[in-house]
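# Per-entry structural report
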Amino acid sequence: MTPADLSRTVLHAVRRAVDEDALRAPVPARVRVERTRPGGSGDYACAVALQLAGPAALPALEVARILRERVAAEPGVGRVEITGPGFLSFTLDAPAESDRAVLAAVREQGLVYGHGGALGDEIHQLHHAREVRAAVTAQAVFRLLVAQGARGRTTCEQAPDPDWARLGVTVNAYGTPPTPLTEIRPVPAGATAGELLERLGPDAARWGLLRAAGHDRAALGPELLVQGETNPLFRVRYAHARARALTRGATALGFTAEAAPYGESPAGPAAQAANAAPTPYDRAARPLLDLLADHPGVLLAGARHRAPDRVARQLEAVAHAFFDFHDSCPPLPAGDEKPSAAHRARLAIAEAAGTVLAGGLSLLGIRAPEHL
């Protein structure tokens, strides 16, 4: 079960409680779940009971008890606890089940993994100054909003710079709006689009403009062109290219990815029993699998908070975890080693990471080359 699945499960439990007259409160448009903070209980936590306590005219603990019995019965949820003044804490089923669901979702949805309809009832008009960082940021925010089902357009205070088109920026209209609009005003880049394109090219320029939070100055120096691990953009794109190379290598060796969870073998009972115990492979895969599961939530948060920098940092984290996993648990056999179920499972994780990296870069308007 992914975080998005869990959010929908809790929302469904609220609707059931209202339909059964166990809870008299308006059903929220969405329910937010977050990873449990250090020292907390379970895998995820949710404050929906505290949110509904006032409208329901019930103590938050009572609302939590009403929801707990309905959520606990859902597939994929192992345990539901009530903590503090009324927080719901969720422990999901065995990691193998949730990991299988994440990998299956990435494989099925491809580059649009993490897209959804959470903002389907929203219409936005993003207005920005005639400045390259504002224009690129507005375009990226617009892409994130559309990926979550929203509609809208971008407008500029003045006629757009012709060089913006080479950075993938389109402006639907320009001029002074008749009513106040959502303004996108990051710290200016201090350079024109033409200057950035000449020095950096479109991909590095967009990454430099979007990587820093809007209230911080963008780093737009020659370090963006360094072809090495010190350059986060190179590291993200190289991780994607490496994942694609693994698929080509596996094809040459005559095997494909296995949709089984990490380390699980489809062999007989004895082999499955041996795989039941935690292994170094399990520990190496965990950070990457968690990041893949969190990706839809990061995209949604980036859209809601008008923060494409969150997506850039998520991609950096996925790339870092990918290389740690790749180095600890090579997805391809070496020497005389024959392809095994473990290799197929590792390849599935590596391919999912490559897909997430490509999809995230696409939302930022940056190419994801197959070869570097």
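In every chain, residue numbers begin from 1 and rise along the written sequence. Local features in a predicted model are, by the rule used here, given only for residues with pLDDT of at least 70; side-chain atom pairs are given and counted only at 80 or more, and totals for whole chains, interfaces and linings are based on all residues. With hydrogens and water set aside, each side-chain value is computed from the structure's full complement of heavy atoms.

## Here's the deal with the layout of surface pockets
Counted only if it meets this: Cavities and pockets were defined on a 1 Å grid built from protein atoms only: a cavity is a group of points that admits a 1.4 Å probe but offers it no way out, a pocket is an open group of points flanked by protein on both sides within 12 Å along at least five of seven lines, and a lining residue is one with an atom within 4 Å of any such point. Grid points are joined across faces, edges and corners, and a volume is the space filled by probe spheres set on the points. Here a helix means four or more residues in a row that DSSP labels H or I, a strand means two or more in a row labelled E, and each is numbered from the N terminus. Residue classes follow a fixed rule: Ala, Val, Leu, Ile, Met, Phe, Trp, Tyr, Cys and Pro count as nonpolar, while Asp, Glu, Lys and Arg count as charged, and any other residue, Gly among them, counts as polar.
Taken as a whole, the largest pocket encloses approximately 1,000 Å³ of empty space. Together, 39 residues line the largest pocket, and A4, S7, P296, G297 and L300 are the ones closest to its centre. If you list the elements that add at least two residues to the lining of the largest pocket, you get α1 (3-19), β1 (33-35), α4 (95-109), α9 (280-304) and α10 (308-328). When its residues are assigned to classes, the lining of the largest pocket shows 17 nonpolar, 12 polar and 10 charged.

## Brief notes about the nonpolar core
The tendency in soluble globular proteins is for nonpolar side chains to be buried side by side. So the rule is basically this: The criterion is simple. A nonpolar core is a set of buried Ala, Val, Leu, Ile, Met, Phe, Trp, Tyr and Cys residues joined through side-chain atoms within 4.5 Å. Partly exposed residues are those whose accessible area sits between 20% and 50% of the maximum for their type, while under 20% is buried and over 50% is exposed, using a 1.4 Å probe and protein chains only. Here, residues are in contact when the closest pair of their heavy atoms is within 4.5 Å.
One finds V132, W207, L288, L292 and F322 to be the most contacted residues of the largest nonpolar core, which totals 77 residues. Secondary-structure elements contributing two or more residues to this core are α4, α5 (132-147), α6 (193-211), α7 (232-253), α9, α10 and α11 (341-363). Beyond its immediate chain neighbours, meaning those up to four positions away, F322 contacts A239, R242, A243, L246, L288, A350 and A353. V10, A17, L52 and L92 belong to the second largest nonpolar core, which has 26 residues in total.

## So, the side chain of H240
Structurally, the position occupied by H240 is in helix α7. Setting aside residues up to four positions removed in sequence, H240 forms contacts with G354, L357, A358, A368, P369 and E370.

## Considering the sheet that holds strand β7 (residues 173-174)
Worth spelling out the cut-off: One requirement defines pairing of two strands: DSSP has to find at least two bridges between them. Helix axes use the C-alpha atoms of the stretch in contact, all axes being lines fitted to C-alpha atoms, and the angles between their N-to-C directions lie in the range 0 to 180 degrees.
Spatial strand order, β7-β6-β5-β8: four strands in an open sheet with parallel pairing. A strand with exactly one partner marks an edge of an open sheet, and here the two such strands are β7 and β8 (182-184). In the sheet, strand β6 (residues 151-156) pairs with β7 via two bridges, with the strands oriented parallel. Pairing of C156 across the sheet is with Y174, part of β7. Relative to the sheet, α5 contacts β5 (123-128), β6 and β8, its axis offset from that of β5 by approximately 170°.

## Regarding the sheet that holds strand β2 (residues 44-46)
The antiparallel open sheet is built from four strands, whose spatial order is β1-β2-β4-β3. Two strands bound the open sheet, and with one partner strand each, they are β1 and β3 (77-83). The sheet shows a mean angle of 30° between the axes of neighbouring strands, taken without regard to direction. Note that β3 and strand β4 (residues 87-92) share six bridges and pair antiparallel. Bridge pairing in β4 places T83 opposite F87.

## A closer look at α5
In an α-helix, one turn spans 3.6 residues, which is why side chains three or four residues apart end up on the same side. Rule in force here: Expected span of a helix, by definition, is 1.5 Å for each gap between consecutive residues, and there is one gap fewer than residues. Whenever a nitrogen or oxygen atom comes within 3.5 Å of another N or O atom, the pair is scored as a polar contact, on the condition that within protein one atom can donate a hydrogen and the other can accept it, and that pairs from neighbouring residues in sequence are kept only if both atoms are in side chains.
Taking 1.5 Å per residue as the helical rise, α5 with its 16 residues ought to reach 22 Å, and the 23 Å between its terminal C-alpha atoms agrees with that figure. Of all 16 residues making up α5, 14 are buried, and the element is well covered by its neighbours. For α5, the N-terminal cap is E131; the gap from its side-chain oxygen to the backbone nitrogen of R133 is 3.0 Å. Trailing α5 by a residue or two, G149 shows a phi angle of about 95°, which is positive.

## Structural notes on the environment of P59
Residue position: P59 is located in the loop between α2 (48-56) and α3 (60-71). Along the backbone, P59 and A49 are 10 residues apart, and their C-alpha atoms lie at a distance of 8.7 Å.

## Describing the packing of aromatic side chains
What counts, and what does not: Between 30 and 60 degrees the pair is tilted, below 30 it is stacked and above 60 it is edge-to-face, where a pair is any two Phe, Tyr or Trp rings, Trp via its six-membered ring, whose centres lie within 6.5 Å.
Overall, the coordinates contain three aromatic pairs when judged by the stated rule. For the pair F234 and Y238, a centre-to-centre distance of 5.6 Å together with 5° between the ring planes defines the contact as stacked. Linking F234 with Y238, this pair stays in helix α7, spanning four residues, or about one helical turn. Looking at Y238, the relative accessible area reads 34%, which means it is partly exposed. Here the aromatic cluster, defined as three or more aromatic residues joined through ring pairs, consists of F234, Y238, F322 and F323.

## Structural notes on the packing of α6 against α10
The condition is simple: The cut-offs work like this: below 35 degrees is roughly parallel, past 145 is roughly antiparallel, 65 to 115 is roughly perpendicular, and the gaps in between are oblique.
With their axes 8 Å apart at the nearest point, α6 and α10 run at an angle of 110° to one another. The angle between the axes of α6 and α10 places the two elements in the roughly perpendicular class. Two secondary-structure elements touch here, α6 through W207, L210 and R211 and α10 through P308, D309, A312, R313 and E316. Class assignment for the residues of the contact of α6 with α10 results in four nonpolar, no polar and four charged.

## Re α11
The end-to-end C-alpha distance of α11, which contains 23 residues, comes to 33 Å, matching closely the 33 Å that a straight helix rising 1.5 Å per residue would cover. Of all 23 residues that make up α11, 20 are buried, and the element is covered over most of its length. Remark: G365 follows α11 within two positions and exhibits a positive phi of approximately 80°.

## Quick notes on the packing of α7 against α11
To keep it simple, the criterion reads: Rotating anticlockwise by less than a right angle from the far helix to the near helix defines a left-handed crossing, while the corresponding clockwise rotation defines a right-handed one.
Close contact between α7 and α11 brings their axes to 8 Å; oriented N to C, the two are set at 140°. One way to sum up the angle between α7 and α11 is to call them oblique. In this structure, α7 meets α11 at a crossing whose hand is left-handed. In this structure, α7 uses V236, R237, A239, H240, A243, R244, L246, T247 and A250 to contact α11, whose residues at the interface are L347, A350, E351, G354, T355, L357, A358 and L361. Its residues assigned to classes, the contact of α7 with α11 comprises 10 nonpolar, four polar and three charged.

## Topic: the pattern of salt bridges
We count it as follows: By definition here, a salt bridge exists when the distance from a side-chain nitrogen of Lys or Arg to a carboxyl oxygen of Asp or Glu is within 4 Å.
Counting across every chain of the model gives 24 salt bridges. A salt bridge links E20 to R70; the shortest N-O distance between them is 2.7 Å. Placement of E20 in the loop between α1 and β1 and of R70 in helix α3 is noted, with a sequence separation of 50 residues between them. A relative accessible area of 9% places R70 in the buried class. Residues R79 and E81 are paired through a salt bridge, measuring 3.5 Å at the closest nitrogen-oxygen approach. Put simply, R16, E20, E69, R70 and E74 are held in one network by salt bridges that share partners.

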